Amino acid sequence: MEGLLSAFGFVLTPLPLLLMLVGVSAGVFVGAIPGLTGTMLIALCLPLTFFMAPETAIVLLISIYVGAISGGLITATLLKMPGTEAAIMTTLDGFPMARSGRPGRALGLGIGASFVGGVVSWLALVVLARPLSIWATQFTAFNYFALIIMALVLIAVISQGSMFKGILAAFVGALLSLPGIDASSGTPRLTFGLVELNGGIDPIPMFIGLFAVGTVFSDMLDRGAAAKGIEASRKGILMSLGDYARHGINLLRSSVIGTWVGLLPGVGAVIGSMVAYSVAKSVSKKPEAFGTGSEEGIVASESANNATIGGAMIPLIALGLPGSLNNVLLLAALLIHSIQPGPLLFVNNPDLVYTLMAALLMANVVMYVVMVLSVRWVSRITQVPRAVLFPVILVCCIVGGFAYNNSVADLWVLIGFGVLGFFMERGGFPKGPMAISFILIPLAEQKLRTGLQLSAGDWSPLYSEPLTVVMLLIAVAMLFLPFFGRLMPRLGFRRTPGHTPDPSEE
Amino acid sequence: MKPSVIEAAALAIFIALGGAGIWAAGQIGGFAFDPLGSAAVPYTVSIFVVLLSLACLFRLVTGRSEKERNPETTGAAGVETFPPRDLLEVVAMLGFTIVYVIALFAIGLPFSLATLVFVPASARLIARTSSAKGMTVALAVGAIVGFGGELLFTKVFFVDLPALW
C-alpha cells in the first residue's frame, strides 16, 4: 500500500502528468482515426522511451494505450466508423443515438462507462497481481514452459481469421526470434554467417516496421470515401450520478466481464465488449432496443473494452505473459531497460509495478477529462487527409527506427518488416500471434532447457507434473476443439432445428 | 487484383524463411552438456513453418481460405479486390521510402531538406491529384516536420541525423 501511495506521488509530479496528457491525447487522436491504432503509436514511441527512465516510459505508454482504446468511441459514435476494433460494438448503439439528435449523450455514456471500466479493472489489477505473482514463484521450469505454450496456442487459435494462419504466424514469429548466439552453448544459430544477426533481430525496428510501416502500406489500398459525420455536441456529455446509479449493475457486470476476458491471453477488447454487450442484451428488460440506440448497449461495450486493459496487465505483471499486442510492446519497452516482467517483478522492481498501477488509474482520469474537453476537435481532426498523414507517419518511423541504435541497418530491418507486415495484413495473417510468439518463444525455450538440465535430461515432468499436464492438455484441447466442432454435425450431433443464433452473440 | 495473390506471396515468403531455417539448423553443431541442444528448437519450428505454409497454400488453392478471410483486413464483403495500379502505388511508396533513407544516410542530405521533398512527393502519390491547395498543405507540413523535426531530434534528443545546421 505504501509503495502504491508513493507511486501516486511520483505520477502526480509535473513530468509524468505532462507525459500522461500528451500520451492520452495522442492515443485518443490515433484511436479516433480509422486505420491508425494505439499499437502503431506505441511502436513508434518505443525508441523514444530509450531516452527515459523506465517509470517515465511506462507512464507514457500506458497513457497511449488507455487513450487509444477510448478514442475509437468518438468515430464509432459520430461517423459509424469504429476508430479501433474495440469500439465495434459501440457503433451499434452509439451511431443510432447520435443520429437521433443525442450525440453528446451517446459520447457521454461511452466516456463515463470507459472510465468506470478502467477503474474496476484497475482494482482487479491491484488486488490480483501480487497474489498471482506469489503463486507463480512456485512454478517449476516445466510449469512455466507449459504456461507459455498454452498462452501461445490460445492466442494463435482465437486470433482473427483462420486458425491455420494464426498458428502459422505464431511459428513464423518463433522462427524470427531464434537467430543469434545461443545463450546456453554460445553457438551462433540461424545467423547465416552474418555478424549483424549475432545479437538476434531487434524487436524495436521489427515492431515499428510490422505495425506502423506495414499498416501505412496496407491502408494505402483502402480508398473508401470519407464518411459523413454528425457534428459533436457537449450536451449530455457528463453522466449524472443518477445515470451511474441507473446503469450501475450493467457498468459493474460489463467491467468485470471485460477484466476477466482481458486476463485471457489474446482475447482482447473486441471479444470483451462483444461478450459484455451480449450479456447486457440477454438480461435487459428491453432487448429489442439494442442496436437502435440503447444506452445499455453503449455502457456495456465501452466499460468492457476499457476494462480489458487492466485485466491484460495482470498476467503481464504477475507472469510476464503479454496477452495482447499492446502488452507485447509494453513488455518490449521494459526489456529495453533490462527489466523482465514475471513473478519476480514485485521483488526486483516494486517501484515500477506500483508506478504502472498508479499510471493506469491516473491515465483513466486524464482520459475522462481529455475526452470530455476535446471531443469536438477530435471529431474534426479525424478528417486530416491521409495523403499528408501517411508520409508523416513514415518519417516518424524512419527517425524512430534509426534513433534507437543510431543504426542504418535497423532501418533496412524496419523496411523489410514493413513489407512483411503489408503482405501479412492484406493476406489475412494476424500479426498478434507473430509478435507475441517472437517475445515468448525464447523464454519458453529457456525454461524447457532449464527444466531439462535440472532433471538431467528427463522429459517425464512434462507428463507427470500435474499443473504442467493440465496446461498442456488445455493447449491441446484448444488446438483441436475447432476440428471437433466441425466434426460433430457430420457425426449426427446437429443443432436443434429452428434455433436462430443471435448475430451479436457470435 | 485478388487478396489471394498477396496471400500466396506471403506464404512464399514463409516457405522461404522456413526452408532457410531448416538449412541453417542443419549447420548447428552439438553441445555435450545441454540435453535439448541448440538445433532442436530451430529445426522443429522451421519444419512447422514449412508444413503449415504448405497447408495454407493447399487451402488457398482449394478455395477454403477465401471463405474465412479476415474481414478486418479485407472489408465486410469478405473478399476485397483492388486494381493493380493501387499495388503499384504501394510499391512506388516503398521506393520513395528507400530513396529517402538512402538520401539521408548514404548521400547525407539534411533531414529537413529530405523531408521537405519526401512529404509532398508522397502526398502527391497517395492523393493522385496535384491541386495547388493540396500541394501547398503538403509542402507546409513537410517544412514543419522537416525543420521542426530536425531541431527536435538533433538538438533535443541528440539523434545522429544529418542536419542542415
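Residues numbered from 1 in each chain as written. Chains lettered and ligands numbered in written order. Predicted model: local features only at pLDDT ≥ 70, side-chain atom pairs only at ≥ 80, totals over all residues.

Peer 1: What's the story with the overall build of chain A in this structure? I'm lost.
Peer 2: Of regular secondary structure, chain A possesses 21 helices and two strands. Looking at chain A as a whole, 61% of its 506 residues are labelled buried. A sequence separation of at least 24 residues applies to 80% of the contacts in chain A between residues at least 6 apart. (Helix = DSSP H or I, 4+ residues; strand = E, 2+ residues; numbered from the N terminus. Buried ≥ 20, exposed ≤ 12 C-beta atoms within 10 Å, placed from the backbone. Contact = placed C-beta atoms within 7 Å.)

Peer 1: So what exactly am I meant to see when it comes to the overall build of chain B here?
Peer 2: Summing up its helical and strand segments, chain B has seven helices and zero strands in all. Beginning at the N terminus, the succession of helices and strands in chain B can be written as α-α-α-α-α-α-α. Put simply, chain B has 165 residues, and 31% of those count as buried. Contacts in chain B between residues far apart in sequence, at least 24 positions, make up 61% of those at least 6 positions apart.

Peer 1: Explain the interface of chain B and chain A to me, please; I cannot follow it from the model alone.
Peer 2: Interfaces are often sized by the amount of accessible area the parts lose when they come together. Opposite the 65 residues of chain B that make contact, chain A presents 57 residues. Listed by contribution, the elements that provide at least two residues to the side of chain B that touches chain A are α1 (3-26), α2 (40-61), α4 (71-74), α5 (84-107), α6 (111-127) and α7 (132-156) of chain B. Per-element tally for the side of chain B that touches chain A: the top contributor is α1(B), with twelve residues.

Peer 1: I keep staring at the nonpolar core and nothing clicks. Help me out?
Peer 2: Generally speaking, a soluble globular protein has its nonpolar side chains buried in company with each other. Residue and element names in this part refer to chain A. By size, the foremost hydrophobic cluster in this structure holds 215 residues, and its most contacted members are Leu61 and Phe207. With 18 residues, helix α16 (residues 350-381) is the largest single contributor of residues to this core. Dropping the residues within four chain positions of it, Phe207 is found in contact with Ala43, Leu46, Leu329, Ala332 and Ala435. (Core = buried A, V, L, I, M, F, W, Y, C linked by C-beta atoms within 7 Å.)

Peer 1: For this particular structure, what's the right way to read the confidence of the model for chain A?
Peer 2: Caution applies to low-pLDDT regions: their predicted coordinates should not be interpreted in detail. Residue and element names in this part refer to chain A. Across chain A, the average pLDDT comes to 83, with 90% of residues at or above 70. No element of chain A has a lower mean pLDDT than helix α21 (residues 466-490), which averages 80, and none a higher one than helix α18 (residues 408-427), which averages 92. Across residues 495-506, where pLDDT falls below 50, the model places six contacts with residues more than four positions away in sequence or in other chains. (pLDDT = per-residue confidence, 0-100.)

Peer 1: Please clarify how the environment of Gly451(A) should be interpreted in this entry.
Peer 2: Residues and elements named next belong to chain A. Its location among the elements puts Gly451 in helix α19 (residues 431-454). Through-space distance from the C-alpha of Gly451 to that of Thr56 is 36 Å; in sequence the pair is 395 residues apart. Once you skip the residues sitting within four places of it in the chain, Gly451 turns out to touch Thr140, Ala141, Phe142, Phe145 and Pro461.

Peer 1: Sorry if this is basic, but what is going on with α5(B) here?
Peer 2: Two residues of an α-helix separated by three or four positions point the same way, owing to the 3.6 residues in each turn. All names here are of chain B. Helix length check: α5 (24 residues) gives 32 Å between terminal C-alpha atoms against 34 Å at 1.5 Å per residue, within 8%. Buried residues of α5: Val90, Met93, Thr97, Tyr100, Val101 and Leu104, and no others. With its phi angle positive at about 85°, Gly108 sits one or two positions after the end of α5. (Expected span 1.5 Å × (residues − 1).)

Peer 1: How do you make sense of the packing of helix α17 (residues 386-405) of chain A against α6(B) when you look at a structure like this?
Peer 2: Packed helices, taken two at a time, are described by the angle between their axes plus the distance between the axes. Relative orientation of the contacting elements α17(A) and α6(B) amounts to 135°, with a least axis distance of 8 Å. Taken together, the axes of α17(A) and α6(B) lie oblique to each other. The hand of the α17(A)/α6(B) crossing is right-handed. The segment α17(A) lies against α6(B), with Arg386(A), Ala387(A), Val388(A), Phe390(A), Pro391(A), Val392(A) and Val395(A) engaging Thr115(B), Phe118(B), Val119(B), Ser122(B), Ala123(B), Ile126(B) and Ala127(B). Within the contact of α17(A) with α6(B), the residues separate by chemical class into eleven nonpolar, two polar and one charged. (Axes fitted to C-alpha atoms, helices over the stretch in contact; angles between N-to-C directions. Parallel < 35°, antiparallel > 145°, perpendicular 65-115°, else oblique. Left-handed = near helix turned anticlockwise from the far one by under 90°. Nonpolar A, V, L, I, M, F, W, Y, C, P; charged D, E, K, R; others polar.)

Peer 1: Hey, could you run me through α17(A) in this one?
Peer 2: Residues and elements named next belong to chain A. With 20 residues, α17 should cover 28 Å at 1.5 Å per step; its first-to-last C-alpha distance of 29 Å lies within 8% of that length. The element α17 is extensively covered by neighbouring structure, given that 18 of its 20 residues are classed as buried. Count one or two residues on from α17 and you reach Asn406, which has phi positive near 50°.

Peer 1: What is the right way to read unusual backbone geometry from this model?
Peer 2: One can expect most non-glycine residues to show negative phi and most peptide bonds to be in trans. All names here are of chain A. The phi dihedral of Leu190 falls on the positive side, at around 50°, and the residue is not glycine. Tracing the backbone shows Leu190 in the loop between β2 (188-189) and α9 (203-219). A positive phi is found at Phe192, a non-glycine position, where the angle reads about 55°. Of note, Phe192 is situated in the loop between β2 and α9.

Peer 1: Explain the packing of helix α5 (residues 88-99) of chain A against helix α6 (residues 103-136) of chain A here, please?
Peer 2: Residues and elements named next belong to chain A. Between α5 and α6, the shortest axis-to-axis distance is 7 Å and the interhelical angle comes to 150°. For the element pair α5 / α6, the angle class is roughly antiparallel. α6 is crossed by α5, and the crossing has right-handed handedness. Touching Thr90, Gly94, Met97 and Ala98 of α5 are Pro103, Arg105, Ala106 and Gly110, all from α6. Looking at the contact of α5 with α6, its residues break down into four nonpolar, three polar and one charged.

Peer 1: Just checking my understanding: could you explain the confidence of the model for chain B for this structure?
Peer 2: Residues and elements named next belong to chain B. Within chain B, residue pLDDT values average 85, and 86% of them lie at 70 or more. Confidence over residues 72-79 falls short of pLDDT 50; this stretch has 18 contacts with residues more than four positions distant or in other chains. For this predicted complex, the interface confidence reaches an ipTM of 0.90, while the overall pTM sits at 0.81.

Peer 1: For this particular structure, what's the right way to read the environment of Asp202(A)?
Peer 2: Residue and element names in this part refer to chain A. The residue Asp202 is located in the loop between β2 and α9 in this model. Along the sequence, Asp202 and Leu414 sit 212 residues apart, while their C-alpha atoms lie 9.6 Å from each other. Excluding residues within four positions of it along the chain, Asp202 makes contact with Asp410 and Val413.

Peer 1: What is the right way to read the environment of Gly149(B) from this model?
Peer 2: Mapped onto the secondary structure, Gly149(B) falls in helix α7. Between the C-alpha atoms of Gly149(B) and Ser112(B), which are 37 residues apart in sequence, the distance is 7.4 Å. Those residues in contact with Gly149(B), other than ones at most four positions away along the chain, are Val395(A), Val399(A), Phe111(B) and Thr115(B).

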